[in-house]
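Given next are the chains, with one letter for each unit.
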Amino acid sequence: MRFLSVLFFALVSLAELSARERYTINEAWRFAQGSPYGAFLPAADDSAWPTVDVPHTWNAQDADDDEPGFYRGPAWYRKRFFLSGDAVSGQVYLCFEGVNQTACVYVNGHFAGRHAGGYTRFAVDITPFVFVGENLVAVEADNRHDPDMPPLSADFTFFGGIYRDVSLLLTHKVHIAPTDMGSSGVCLSTPRVSAQSAEVDVRTLVANRSDRTARLRVEHRIFAPDGSEAARAGCPLVVEPGQVAEPVCRGIRIADPQLWDLDAPNLYRVLTRIVAEDGSELDCVSSSLGLRWFSFDPDKGFFLNGRPRKLVGTCRHQDYEGRGWALTDAMHERDIRLLKRMGGNFLRISHYPQDPVVLEMCDRLGILASVEIPVVNAVTESDAFLDNSVRMAREMIRQDFNHPSVIIWAYMNEVLLRPPYKDPAQLAVYYKAVERVARALEEAVRAEDPSRYTMMAYHNAPDAYAAAGLTRIPMIQGWNLYQGWYEKDITRFEKILDRLHAEYPDKVLMVTEYGADVDQRVHSFAPEQFDFSQEYGLVYHRHYLREIMRRPFVAGSSVWNLNSFYSEPRADAVPHVNLKGLTGLDREPKDTYLFYKARLAGPQLLIGNRCWLNRGGADDGRGRCTQPVPVFTDRSSVTLFHNGRKLATKQTEDGVAMFDVPFVDGENRLVATAGTLIDALTVDFRLMKASPRGFSELCVMLGSPRYFDDRAAGTAWIPEQPYTPGSWGYVGGRPLRREGTGWLGSAADIKGTDCNALFQTQRVGIEQFRADVPDGTYSVYFHWAELDTEDKREALAYNLGADDAGTRYRGRRFDVVVNGSRLLQDFSIAEEAGFARALVRKAEVVVRDGQGIRIDFLPVEGEPVLNAIRIYRNH
Ligand code: GCB
Ligand code: CA
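Since we're looking at a predicted model, the values are computed, not measured.

Draft legend 1. Layout of the site of ligand 1. As a structural note, the neighbourhood of ligand 1 is formed by 14 residues, with Asp155, His351, Glu414, Tyr486 and Lys580 the closest of them. Glu513 places a polar side-chain atom, nitrogen or oxygen, 2.7 Å from an oxygen atom of ligand 1. In terms of residue class, the shell around ligand 1 is made up of 5 nonpolar, 4 polar and 5 charged.

Here's what the structure looks like:
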């Protein structure tokens, strides 16, 4: 095998090799968690290790299961790769786009390099260690907590692994070096750009790893978007053996530039070549270049190429359902298209630098971006923490410097959220330490790149940030605001904006985050704060966007978040997930996404609730169930047809027209029209009824005004109603509400189910559930979870105001009597299933003599509860 591969490469090397080669080596790595003995040695036996492909993470499962925590520690990856004689006679680099969080790289048993920090790229020069033929690379990756490495804590899962691409880069001994903190070795800046002309400076990093003096020419050719040559420049260069030179070619002039803009993201291409004395090309790097200028004004906002542009967009995390952070390039690309199609023009790449294709896509699609390093929640008062943060900021800037889409470098997010002290004296000392890190970062960033703005994102504690001296340091203040979500009173949002602008009239202000968690499966026609419904999400975003748009001093805003993402300790409606995405972890658009699209993306007509496929409701007694349906559009009015009949024409408000649709059982065809725009949706509706004259399946959530679409089972759960003779419903009791906040249901993660929303609410003190069904045989499925808690739950880092330990359990026991006969006696949910664990008990009930179903809940100790009930007719 080894001989064959040598032969193969010997044959290849006969052909002319191009100046540089770069290709991924993602496939067939051997992987082992822990620290297997001698894993860096070529001779180590990895034959029993599972084979994985990178991008890879070892936390995809354990960060999304019922066990708290996930593996944070060392793991090893090993791979054999093959090099030709030509490759080995040149320079060989291994390039990593991202390993979380530290990586130690060994090649053929030799230590070749180390990189700390999970979000920036790095190249390791492995030339001294490689052979012709088979080589072995072993990488130890480690995602354990390191107090000197940001992030210390954050509301996202720190997935471990080689979670981005790995490439081999083969160059000549004299080459453009990738060794400057992972930069490409070509650095483009545009000191002067106007509509008439542009000037480009190019700095190149040229390394001579040969043993002879290199007499060279560095050449730059700039090609216009149409491919024609727009400018050319070059200079001679002499580099002594072992030296690295950094020639700068200044003032390359481009007349009548085609500007890079949001609607016309024109990209030039700069081809940088290193040419030997004999005219042969030694290396060549192509970089894209955008010509634009921009500025921020504290009152008027943002200007691009002289034109005012309100920045409106989202933040983004790099997660996908089932994969953690291990995404392919194409999956990253898709997200940026999702943002563009929504009409967004701004991406806050948060809370860390992301895959290189993300900014490439922003360049290509015309989206402006900010990028930040992950100093989140807190700092460590050590020099090592400061040094690591500054290095990370430099890496970020050098790696992404050339992108015209980047306008802001940011470096701290809510850094006062989790101070390690409570004592005021200690806190004051700590604030000084935070300020020191902030000043060091601000200085480093401005020195690295004076052409962009700097930004810090704060949470709603302006006084604390002012006290810590942090509000005046960055050029832009970014505020993360959650009034109406974590905090009460949604109108406080605009009040805080106005207050901040009045307090800092000379500072540029952005709303760097705002959002509400939405579980795609949850709906409510009585939406309220913290109910996770699609409808509350809409209420929230309509309000925020309106207030943001009204204020020219708000230079821009970014919704938290484009996509839902993993956050291991969260419970919420979907455990381990932050649900604030406008799209789900699977990128299914929520109604909020459709709303933004209608507001921002030009001609649109989109019927909402389009993913609610198990939709149901209670029969109104006339064979119908009238429910609201939103239609999203930029037009001023919309007409809706239902099953071929015109329903109504409605005026739009903030991009939404609301219709009351009298759904019937089965297919409901909705057609919306506005001018020439048309959209259609077919909804399969389950009309639920229980009366002596008729029955259809009944799925009812108790103590809840919500609807729940159980997609796995295809069941449509509907809200409770009080019992009236001839129908169905509960008797007695009250919905569970949280102490303090009064929010719906419990904050506990319910084990043993994917349907938290179904079990987190209940009717406490329920006396009866009745359904006046016709005679027959029925299955009754009681759904329970004990929501009172045994222990105080650990406060969640991010349930800002929402920390909620639940009500303390004081014992609960009851009898369940069905149509007069006792089904369960002295029944205790906690004894049967434990706390916060789903329990479904199915019972067969024979109904005769027109008695219907009558279930009595008789207290023995504490109050009886019921979370949900499903009644199904067998015959
Ligand atoms: C924030 C944080 C972000 C969280 C978000 C939330 O303010 O910056 O990392 O994910 O709130 O959803 O609570
Ligand atoms: Ca776990």
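Draft legend 2. Looking closely at the packing of helix H9 (residues 534-550) against helix H10 (residues 591-600). Running from N to C, H9 and H10 point in directions that differ by 30 degrees, and their axes come no closer than 9 Å. On the basis of their axis angle, the class for H9 and H10 is roughly parallel. For the pair H9 and H10, the sense of crossing is right-handed. Of the residues in H10, those in contact with Gln534, Gly537, Leu538, His541, Arg542, Leu545 and Met549 of H9 are Asp591, Thr592, Phe595, Tyr596, Arg599 and Leu600. Each residue belonging to the contact of H9 with H10 can be placed in one class, and the counts come to 6 nonpolar, 4 polar and 3 charged.

Draft legend 3. View of the sheet that holds strand E39 (residues 625-633). Taken in spatial order, the 3 strands of this open sheet run E37-E39-E42, and their pairing is antiparallel. Strands with a single pairing partner mark the edges of an open sheet, and in this sheet they are strand E37 (605-607) and strand E42 (656-663). The mean inter-strand angle of the sheet, taken between neighbouring strand axes irrespective of direction, is 25 degrees. Inspection of the sheet shows E39 paired to E42 by 8 bridges, in the antiparallel sense. The residue of E42 that forms the bridge with Val631 is Ala657. On the sheet, H10 packs against E37, E39 and E42 and is oriented at approximately 40 degrees with respect to E39.

Draft legend 4. Local environment of the domain arrangement of the chain. Looking at the assigned domains, one finds that the chain contains domain 1 (2-173), domain 2 (186-289), domain 3 (310-601), domain 4 (615-687) and domain 5 (692-873). Centre-to-centre separation of domain 1 and domain 5, based on C-alpha positions: 51 Å.

Each value, and the rule that gives it
Residues numbered from 1 in each chain as written. Chains lettered and ligands numbered in written order. Predicted model: local features only at pLDDT ≥ 70, side-chain atom pairs only at ≥ 80, totals over all residues. Heavy atoms only, no water. Near = heavy atom within 4 Å. Polar contact = N/O pair within 3.5 Å; in protein donor to acceptor, adjacent residues only side chain to side chain. Nonpolar A, V, L, I, M, F, W, Y, C, P; charged D, E, K, R; others polar. Axes fitted to C-alpha atoms, helices over the stretch in contact; angles between N-to-C directions. Helix = DSSP H or I, 4+ residues; strand = E, 2+ residues; numbered from the N terminus. Parallel < 35°, antiparallel > 145°, perpendicular 65-115°, else oblique. Left-handed = near helix turned anticlockwise from the far one by under 90°. Contact = heavy atoms within 4.5 Å. Pairing = 2+ DSSP bridges. Domains from an automatic or database assignment.

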